[in-house]
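A look at the structure
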Amino acid sequence: MYLFLVTLMLLQCLATSTIAAEQHYKVMVDEAYLELHTGPGRGYPVSHVVDRGMEIEVIKRRTDWFMVRTEKGKEGWVKHADMELTLTPAGE
Amino acid sequence: MESRFGIFLLKSISVLTLLGVLLGCSLLRADDAPYEDSEPIIKPELERRTINEADIDSEDFEAGVFVGVMSIEDFGSNVVYGARLAYHLTEDIFTEAAIGSTKADKRDFEDSSGDTKNLSDSERELSYYNISLGYNILPGEAFIGKGRAYNSALYVIAGIGNTDFADDNHFTVNVGAGYRLLLNDWIALRVDFRDHIFDSDLQGNGNDDTTHNLEATGGISFFF
């Protein structure tokens, strides 16, 4: 029974990661800078900063945090409130 | 006289012409109006794209398995194993449902005491399920070696559930704490210490006594 559950969970994880690999949104930083944390929480330190005008790719979301990838390939987590200060390709 | 008439004629013609031009313009304008609503002659090659937050892959669930040791009060310690599914409500709070199973040993007094019921093999099976609320405290990074840092968090957790033991169901309260170490952004290692508290009359004195059944487990979980 447990083995079945575990297999089911693993399959679920694999399925979601495959879907996630398909396509990501891109947004542009519209504030002076955007802070990237190492984890999805305010307690995790800021590891990178993205300047205004740079494009970032939104990989996934966990609670109120988005995992993003910069043009240079650096990954980090951005607060939902901070993401609202970015522009979509439509300029919104 | 003739020249005066000529001038009058010329003036009349020019006024009529002006009126004609004005009328023509207004008519043309009236004709132009529908064009404003129609498609632009030059189409911008810009594909408008709005972001729907729901389309972004969200990983708020955490599923995992665990194995460890559980001590059933008076019945010794044995291997416990189980599975858990958590939903992260915020960066701080998560809810978790868990199931677990272990087996009880013989009590010290079991064979020697005449008035105590000995448990059969099936009665020695203990299984539990519970729903708990957890709170992440002390989030931070754990540094392993020189150049490796992993995200980690301590959490405190408490909840309610049921324990099926000795052919009886016991309402159970669980409290505990744990440590979550994230290997990457979706795989986590977990160490968890829990006290499963329930009333039981299996202590050999005939009364319902509160028992503390301590459990220490380690496991792996995946965010999806």
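As shown above, the structure is provided for reference.
Position labels on residues start from 1 in each chain and follow its written sequence. Key to labels: chains lettered from A, ligands numbered from 1, both in the order written. In keeping with the predicted nature of the model, local features appear solely for residues at pLDDT of at least 70, side-chain atom pairs appear and are counted solely at 80 or more, and the whole-chain, interface and lining totals rest on all residues.

1. Digging into the overall build of chain A
Here is the rule we go by: Runs of H or I in DSSP of at least four residues are treated as helices and runs of E of at least two as strands, each being numbered from the N terminus. Counting other C-beta atoms within 10 Å of a residue's C-beta gives its exposure: the residue is buried at 20 or more, exposed at 12 or fewer, and partly exposed in between, where C-beta atoms are placed from the backbone. Two residues qualify as being in contact provided that their C-beta atoms, derived from the backbone, are within 7 Å of each other.
A tally of regular secondary structure across chain A gives two helices and seven strands. Starting at the N terminus and walking to the C terminus, you meet the elements of chain A as α-β-β-β-β-β-β-α-β. Looking at the 92 residues of chain A, the share that counts as buried comes to 28%. When contacts within chain A are restricted to residue pairs at least 6 apart in sequence, long-range pairs at least 24 apart make up 41% of them.

2. Details of the overall build of chain B
Regarding its fold elements, chain B presents one helix and eight strands. Walking chain B from its N terminus toward its C terminus, one meets helices and strands in the order α-β-β-β-β-β-β-β-β. The proportion of buried residues among the 224 residues of chain B is 28%. Put simply, 53% of the contacts in chain B that link residues at least 6 apart link residues at least 24 apart.

3. A look at the sheet that holds strand β6 (residues 168-182) of chain B
All names here are of chain B. The following threshold applies: Strands were regarded as paired on the criterion that DSSP finds at least two bridges between them. Note on geometry: axes are lines fitted to C-alpha atoms, helical ones only across the stretch in contact, with angles between N-to-C directions running from 0 to 180 degrees.
Taking strand neighbours around the barrel as the criterion, the eight strands line up as β1-β2-β3-β4-β5-β6-β7-β8 in a closed arrangement whose pairing is antiparallel. Ignoring which end each strand starts from, the neighbouring axes of this sheet average 25° apart. The pairing of strand β1 (residues 61-72) with strand β8 (residues 209-223) spans ten bridges and is classified as antiparallel. Paired with Met70 across the strands is Glu215, a residue of β8.

4. Here's the deal with the environment of Leu182(B)
Residue and element names in this part refer to chain B. Within the secondary structure, Leu182 is located in strand β6. For the pair formed by Leu182 and Phe222, sequence separation is 40 residues and the distance between their alpha carbons is 9.5 Å. Ignoring sequence-local partners within four residues, the contact set of Leu182 consists of Tyr150, Asn151, Ser152 and Ala188.

5. Description of the nonpolar core
What counts, and what does not: A set of buried Ala, Val, Leu, Ile, Met, Phe, Trp, Tyr and Cys residues, joined to one another through C-beta atoms within 7 Å, is what we call a nonpolar core.
Counting 15 residues, the largest nonpolar core has Leu36(A), Phe66(A), Val68(A), Trp77(A) and Val78(A) as its most contacted members. When residues of this core are traced back to their parent elements, those giving at least two are β1 (25-29), β2 (33-37), β4 (55-62), β5 (65-70) and β6 (75-79) of chain A. Looking at this core, the element that brings in the most residues is β5(A), giving four residues. Excluding anything up to four places from it in sequence, Leu36(A) contacts Val46(A), Ser47(A), His48(A), Val49(A), Val50(A), Val68(A), Lys74(A), Gly76(A), Trp77(A) and Val78(A). Formed by ten residues, the second largest nonpolar core is a distinct cluster that contains Val80(B), Leu126(B), Phe165(B) and Ala166(B).

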